[in-house]
Amino acid sequence: MRRLTSAAGGVVIPRRGLLGLAAAGLLWPGRPAMAAPGGVTFRVFRKGQDIGTHQVTLTPSPDGFAVDVKIELAVKLAMITVFYYRQTARDIWRDGKLVSADYRTDDDGKVSVLKVRESKGLLRVDGSAGSADAPLGTMTDLAFWNESIVDAPRVVDSQTGEVGVMRTGGRASERITVAGREVDAVRYSVSGSEDRRGTVWYVDRQWVKASFVTRGEALEYVLA
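Calculation notes
Residues numbered from 1 in each chain as written. Predicted model: local features only at pLDDT ≥ 70, side-chain atom pairs only at ≥ 80, totals over all residues. Heavy atoms only, no water. Core = buried A, V, L, I, M, F, W, Y, C linked by side-chain atoms within 4.5 Å. Buried < 20%, exposed > 50% of the residue type's maximum accessible area, 1.4 Å probe, protein only. Helix = DSSP H or I, 4+ residues; strand = E, 2+ residues; numbered from the N terminus. Contact = heavy atoms within 4.5 Å. Pairing = 2+ DSSP bridges. Patch = residues over 30% accessible without salt bridge, like charges linked within 9 Å, V, L, I, M, F, W, Y side chains within 5 Å. Areas by Shrake-Rupley, 256 points an atom, 1.4 Å probe, with all protein chains shown as cover. Salt bridge = Lys/Arg side-chain N within 4 Å of Asp/Glu carboxyl O.

> Got a sec to walk through the nonpolar core? Specific residues and values, please.
In terms of nonpolar packing, the biggest core is built from 52 residues, with Val56, Val67, Phe144, Trp145, Ile149, Val200 and Trp207 touching the most fellow members. With 6 residues, strand S3 (residues 64-77) is the single largest residue contributor to this core. Excluding its chain neighbours within four sequence positions, the residues that come into contact with Ile149 are Met139, Thr140, Ala143, Phe144, Met166 and Tyr202.

> Summarise the pairing of S3; cite the residues concerned and give the values.
Here 10 bridges tie strand S2 (residues 49-61) to S3, and the two strands are oriented antiparallel to one another. In the sheet register, Thr59 faces S3, and the bridge partner there is Ala66. In this structure, the hairpin formed by S2 and S3 is closed by a connection of 2 residues. Looking at chain direction, S3 and strand S4 (residues 80-94) are connected through 14 bridges and run antiparallel.

> Lay out the sheet that holds strand S9 (residues 139-140) in plain terms, naming residues and giving numbers.
Read from one edge to the other, the open sheet built from 3 strands follows the order S9-S10-S11, with strand pairing classed as mixed. The open sheet has two edge strands, S9 and strand S11 (163-164), and neither has a second partner. Where strand S10 (residues 155-156) meets S11, 2 bridges bridge the pair, whose relative direction is antiparallel. Bridge pairing in S11 places Val156 opposite Val163.

> Give a description of a nonpolar patch on the surface that names residues and reports values.
On the surface, Leu77, Ile80 and Val82 cluster together into a nonpolar patch covering about 310 Å² of accessible area. Checked against the element boundaries, Ile80 lands in strand S4.

> A description of unusual backbone geometry should follow, citing residues and the corresponding values.
Residue Ala78 is not a glycine yet carries a positive backbone phi of 55 degrees. Positionally, Ala78 belongs in the loop between S3 and S4. The exposure class assigned to Ala78 is exposed, which follows from its relative accessible area of 67%. With phi around 55 degrees, Lys120 is a residue other than glycine that occupies positive phi space. Residue position: Lys120 is located in the loop between strand S6 (110-119) and strand S7 (122-127).

> If you had to explain the environment of Val155 to someone new, which residues and values would you point to?
Its location among the elements puts Val155 in strand S10. In the structure, Val155 is positioned 10 residues away from Val165 in sequence and 5.9 Å away in space, judged by C-alpha atoms.

The structure is reproduced here in structure tokens:
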């Protein structure tokens with residue numbers, strides 16, 4: 001979400017809930033802590049109301065993979081949309097690192113674009129906040145599909161292009177319910193500032209749940 005720059009105990013979870021795995025719990029050999037190829041969709045809730053979706057699709061290539069993200073949120077009052085947020089993104093990863101990214105955000109009518117490219121051993125970031133260089137290993141703040149984000153040296157704000165440091169409140173084990181089943185999960189608390197924080201949960205390195213606070217609004221992510 002906007003500027004959140006930081007945040008199985010043997011139970012088989014339905015295939016569609018874990019990124020389209022051929023068998024639950026499989027990982028790509030030699031890749032970072034991340035999900036197998038496929039896709040995942042979260043329903044996003046605000047104050048108990050379903051306001052939209054956050055979709056992630058991973059597509060393998062010979063030397064890496066592409067990650068496509070689509071976020072569509074709308075807050076309605078008496079059937080009238082009073083706020084909407086749409087974001088599309090494509091990341092290109094090679095040898096376990098982000099090397100290219102293109103983002104477009106429509107924040108209730110305010111459109112912004114972000115471009116990231118690998119250049120001379122660094123990532124060149126161009127966005128509405130200006131231009132900056134970041135070290136390889138930097139991720140965008142939409143990369144929660146990859147558990148390694150909690151150790152990323154820098155995180156790029158996917159809307160403005162600002163480069164910041166994500167703070168992680170530590171790793172903890174927790175028993176949670178996913179797709180109607182109880183599973184053992186790993187929980188992380190993450191934050192980028194006082195009003196941009198969240199909690200994310202992983203099962204066998206698969207992103208399965210999240211809770212974010214941004215702009216003072218609490219959003220809950222539930223697997224579709």
